[in-house]
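# Overview (structure and organization)
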Amino acid sequence: MSHTLGLRQAQKQKTRQSLLDAALGLLEDQSLSSLGLREVTRAVGVAPTAFYRHFRSTADLGVALVEEALGSLHPMIEDIVSTAGDSDERITRAVELIAHHVGAHPAHVRFIARERHGGVQPVRDAIREQLARFAEEVRDALAEHPESKGWSDDDLLMLAGLYVDHMLMAASAFLEALDGSAAERERVAKVASRQMRLISIGRRHWLG
């Protein structure tokens, strides 16, 4: 009996993932607000009623895509901010990781870039909550750096938010350059690094 239940659960999870994958593919050319559940179920080859066994609505599916796209990035953010060495080495590591992630998951990055300010409120809220978590994690890591001595918690969170916002900007720039030349991607990396260094310079002089 438990074996049968295990098989059913595995099949249910497989169908759910297929719906997510199909939606992500369809969202390459449209926004979530224009996506119909019948489009998604047709792409998977299941009846429309099957959709509701996994998601309450396309907005609910969108929130799940946010979790898939951003939820798995917390270890990467931790890796970036905990990199040993001076700020220039951390910046170089950050830009490398962002570029690699965009190359590996362009559809997820495009989805977040489009829906961050899109027309589906629950999805915008889910993205904002994930970004707030990133900022809190970066703040906690920055607090461990010697350069943060004397900084208030609010100021560290503000600095962390700047870094997180810039990571998103860099990801969008890498996404646009994805099909371009190596020289174009190198230019994006150089600009992203210089902008992060500018934030770091401001950090060193913030307390006057």
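Refer to the structure presented above.
Residues numbered from 1 in each chain as written. Predicted model: local features only at pLDDT ≥ 70, side-chain atom pairs only at ≥ 80, totals over all residues. Heavy atoms only, no water.

## A word on empty space enclosed by the protein
Taken as a whole and judged by the stated rule, the model has 1 cavity of 30 Å³ or more. Along the walls of the largest cavity sit 14 residues, with I80, V81, R90, I91 and Y163 positioned nearest its centre. Looking at the lining of the largest cavity, the elements that each hand over two or more residues are helix 5 (74-82), helix 6 (87-104), helix 8 (121-142), helix 9 (153-176) and helix 10 (182-205). Sort the elements by how many residues they give to the lining of the largest cavity and helix 6 lands first, with 4 residues. The class makeup of the residues in the lining of the largest cavity is 9 nonpolar, 3 polar and 2 charged. (1 Å grid on protein atoms, 1.4 Å probe; cavity = no way out; pocket = protein on both sides within 12 Å on 5 of 7 lines; lining within 4 Å. Points joined across faces, edges and corners; volume = space filled by probe spheres on them. Helix = DSSP H or I, 4+ residues; strand = E, 2+ residues; numbered from the N terminus. Nonpolar A, V, L, I, M, F, W, Y, C, P; charged D, E, K, R; others polar.)

## Examining the packing of aromatic side chains
Inspection of every chain in the model, using the stated rule, returns 3 aromatic pairs. Seen in terms of ring centroids, F51 and Y52 are 5.6 Å apart; in terms of plane orientation they differ by 80°. Their pairing is edge-to-face. Looking at F51, the relative accessible area reads 0%, which means it is buried. Clustering of aromatic rings is evident, with ring pairs tying together F51, Y52 and F55. (Phe/Tyr/Trp six-rings, centres within 6.5 Å; stacked < 30°, edge-to-face > 60°. Buried < 20%, exposed > 50% of the residue type's maximum accessible area, 1.4 Å probe, protein only.)

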